[in-house]
Amino acid sequence: KAQTEHNSEVPFTTRGQSLLVGNVYCGHCGAKLTLATAGRSYRKKDGTLVKKTYPCYKCYNKAMSPGKCDGQTTYGTTVLDNLVDQIIRIQLERILLQKQHDREVSVAKAKVKLLNDQYQQKQRDYQDLRAETLKVIQGTSRLNVDLLNSLVDETTAQLKELEGQVQ
């Protein structure tokens, strides 16, 4: 049993046209699917014999010991290969979407950091203008009261705008 479990994780093949052989398992019993061929032959009206063969995957347990598996014996290669192809495409799409989402999140974080830095700078400017207002009241500042009021109003408006952008 240990030998079977160990070997069940090692693929039969990693090259060739049948890459799924040994890499896919029966959904009913868990045995590996092996590559086989099925076919039929028929006679044309002119009497020539035509033999057609089709590759297919077979459940090892169902084919070799029928009591071990209650699923189907063969699986069409086209159907199974297309199903695996779809699953791989879906997973790759998820990976790409996740990378795109991570990129967008990092851009948004950088933008928020920049806006926060600008907001902090405007707050410092506002505090400086308030300190200058005290100097105007005491008569020690060279700034005009009207100019100072307009600067305070402008800085307050910029602070509100930056606060809204950060939100």
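Residues numbered from 1 in each chain as written. Predicted model: local features only at pLDDT ≥ 70, side-chain atom pairs only at ≥ 80, totals over all residues. Heavy atoms only, no water.

(A) Up close: the pairing of strand β2 (residues 49–59). Note that strand β1 (residues 33–43) and β2 share 11 bridges and pair antiparallel. Directly across from Ser-41, in β2, lies its bridge partner Lys-51. Sheet topology note: the β2/strand β3 (residues 74–76) ladder contains three bridges and is antiparallel. Paired with Cys-56 across the two strands is Gly-76, which belongs to β3. (Pairing = 2+ DSSP bridges. Helix = DSSP H or I, 4+ residues; strand = E, 2+ residues; numbered from the N terminus.)

(B) Summary view of the side chain of Asn-61. With respect to the secondary-structure elements, Asn-61 resides in helix α2 (residues 60–64). Its relative accessible area of 15% is what places Asn-61 among the buried residues. Sequence-distant contacts of Asn-61, defined by excluding residues within four places in its chain, comprise Cys-29, Ala-31, Pro-66, Lys-68 and Cys-69. (Buried < 20%, exposed > 50% of the residue type's maximum accessible area, 1.4 Å probe, protein only. Contact = heavy atoms within 4.5 Å.)

(C) Quick peek at the sheet that holds β3. Spatially, β1-β2-β3 is the arrangement adopted by the three strands of the open sheet, whose pairing is antiparallel. Either end of the sheet is taken by a strand with one partner, and the two such strands are β1 and β3. For this sheet, the mean inter-axis angle between neighbouring strands, taken without regard to orientation, is 45 degrees. (Axes fitted to C-alpha atoms, helices over the stretch in contact; angles between N-to-C directions.)

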